[in-house]
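# Examination of the molecular architecture
Listed here are the chains, written in short residue letters.
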Amino acid sequence: MAGTTPQHTDLEGVDGGVGLTALLVAAARAIETHRHDSLAQDAYAEHFVRAAPACADWPVRIEQVPDGDSNPLWGRFARYFGLRTRALDDFVLRSVGASARQVVLLGAGLDTRAFRLELPSDCVVFEIDRAGVLAFKQRVLTDLSAAPKVKRVAVPVDLRADWVSALTTAGFDPAAPSVWLAEGLLFYLPGTAETYLIDTVDTLATAGSALAFEAKLEKDLLAYRDSPIYTATREQIGIDLLHLFDKGPRPDSAGDLTAKGWSTSMYTPFDFTRRHRRGPLPESNDALEGNRWVFGRKPRP
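For every chain, the first residue of its written sequence is number 1, and the numbers climb from 1 along that sequence. Given that the model is predicted, a residue must reach a pLDDT of at least 70 before its local features are reported, and side-chain atom pairs must reach 80 or more before they are shown or counted; all residues, however, enter totals for whole chains, interfaces and linings. Just so you know, side-chain values use all the structure's heavy atoms and leave hydrogens and water out.

This next bit is on the packing of aromatic side chains. Pairs were defined over the aromatic rings of Phe, Tyr and Trp, the Trp ring being its six-membered one, requiring ring centres within 6.5 Å. Orientation was assigned from the angle between planes: stacked under 30 degrees, edge-to-face over 60, tilted for the rest. Under the definition given, this model contains 19 aromatic pairs. Both rings, one in W58 and one in W74, keep their centres 5.8 Å apart while their planes meet at 50°; by these two values the pair is tilted. With a gap of 16 residues between them, W58 in the loop between helix 2 (45-51) and helix 3 (72-97) and W74 in helix 3 connect regions that are remote in the sequence. An identical accessibility class is assigned to W58 and W74; each is buried. Here Y188 and F245 contribute two aromatic rings whose centre-to-centre distance is 5.3 Å and whose plane-to-plane angle is 55°, an arrangement assigned as tilted. On the criterion of sequence distance, the pair formed by Y188 in the loop between strand 4 (178-182) and helix 7 (191-204) and F245 in the loop between helix 9 (241-244) and helix 10 (253-259) is long-range, its members being 57 residues apart. Put simply, the rings of F77, Y80, F81, F91, Y267, F272, W293 and F295 touch in pairs and so form one group of aromatic residues. Taking the ring centre of F187 as reference, the NZ or CZ of K216 above it sits at 5.8 Å. The ring of Y267 carries R275 above its face, with NZ or CZ at 5.9 Å from the centroid. Numbering of helices and strands runs from the N terminus; a helix is a DSSP stretch of H or I covering at least four residues, while a strand is a stretch of E covering at least two. Residue burial is assigned from relative accessible area. The probe radius is 1.4 Å, only protein chains are included, and a residue is buried under 20% of its type maximum, exposed over 50%, and partly exposed in between. Lysine and arginine charges are scored as sitting over a ring when NZ or CZ, respectively, is within 6 Å of the ring centre and within 35 degrees of the ring normal.

So this is what it looks like as structure tokens:
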């Protein structure tokens, strides 16, 4: 894939563009953490929010939001991110329980699974993201004297550069089973880049490996431009998600994996809302309507 472009250099941190969305998700995880019916716990999330000037006034508890859960951004959308965190936490724990000992976080952002989850002691978590994002995260974690529960390896590289060489140089073993997460990543990439990424994971993942990713099925993202979630995100914190999302056609990555021999399953977020009895439910003009969570496993012979 092509190298980095000037507006997306490795020096860029979390203060703008897609990097700022990592702080949005961190704020959502902080709010989720403090709920009485929390689905996921992330004690580090609010510290990331407080450490970045761009979001110094963002809430980290639902009680700090004047209209509380009726706020489309900090209520419904934040609960969505909390639900997604829980679903992927459970996926990682199931996958390492089935023998995988390498976890690869693609576009890791402010993910703290190496610090939060009770992973096997011989597990290694590889975090791939731009250097600026990983550096910001490390500064906050160092200030907190936070220690990961398992070996954690930062891989500072743009996913549009040669991340495969960077990952294998960092110690990733393609011959051993691995777990891959692409959480909130693919819809920012052009379709060709998504296909490259999925194909590359298939190449690097041996039998017994697993992959989870989030996809969007809408043919026209702009049809939801005036949805409550996108409008509130734009107006309240200045993030225009539809400006950041790639507008081109999306590949059928779940179908591609199935064709390569993977066992795949696809769910709506609302499936998990019903499973956990908390989280967002469908509504009219719903920006979450086309979101799908895909889970794949590469069978053993």
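Per-residue confidence from the predictor is given as pLDDT, running between 0 and 100. For the chain, per-residue confidence averages 93 on the pLDDT scale, and residues scoring 70 or more make up 96% of the total. Predicted confidence for residues 1-11 stays below pLDDT 50, and this span has 23 contacts to residues more than four positions away or in other chains. Between two residues, a contact is recorded if the distance between any of their heavy atoms is within 4.5 Å.

Here we take up the layout of surface pockets. Buriedness for pockets is judged along seven lines, at least five of which must meet protein on both sides within 12 Å for an open set on the 1 Å grid over protein atoms alone, while cavities are sets there where a 1.4 Å probe fits but cannot get out, and lining residues have an atom within 4 Å of a point. Grid points are joined across faces, edges and corners, and a volume is the space filled by probe spheres set on the points. A volume near 380 Å³ is recorded for the second largest pocket. Along the wall of the second largest pocket there are 23 residues; nearest its centre are K216, L217, E218, R250 and P251. Sorting the residues of the lining of the second largest pocket by element identifies strand 5 (210-216) and helix 10 as the ones contributing at least two each. Tallying contributions element by element places strand 5 first for the lining of the second largest pocket, with 4 residues. Polarity classes work like this: nonpolar for Ala, Val, Leu, Ile, Met, Phe, Trp, Tyr, Cys and Pro, charged for Asp, Glu, Lys and Arg, and polar for all others, with Gly in that last group. The residue makeup of the lining of the second largest pocket, split by class, is 11 nonpolar, 2 polar and 10 charged.

On to the packing of helix 3 against helix 8 (residues 228-237), then. For helices, the fitted line uses only the C-alpha atoms of the stretch in contact; every axis is such a line through C-alpha atoms, and the angle between N-to-C directions lies from 0 to 180 degrees. Where helix 3 meets helix 8, the axes come as close as 9 Å, and the angle between the chain directions of the two elements is 125°. As judged from the angle between their axes, helix 3 and helix 8 are oblique. Seen from above, helix 3 lies across helix 8 with left-handed handedness. In contact with P72, L73, W74, R76 and F77 of helix 3, helix 8 contributes P228, I229, A232, T233, Q236 and I237. Here the residues of the contact of helix 3 with helix 8 sort into 8 nonpolar, 2 polar and 1 charged. Oblique is the label for any angle not covered by the other classes, which are roughly parallel (under 35 degrees), roughly antiparallel (over 145) and roughly perpendicular (65 to 115). By convention, the crossing between two helices is left-handed when the near helix turns anticlockwise from the far helix through less than a right angle, and right-handed when the turn is clockwise.

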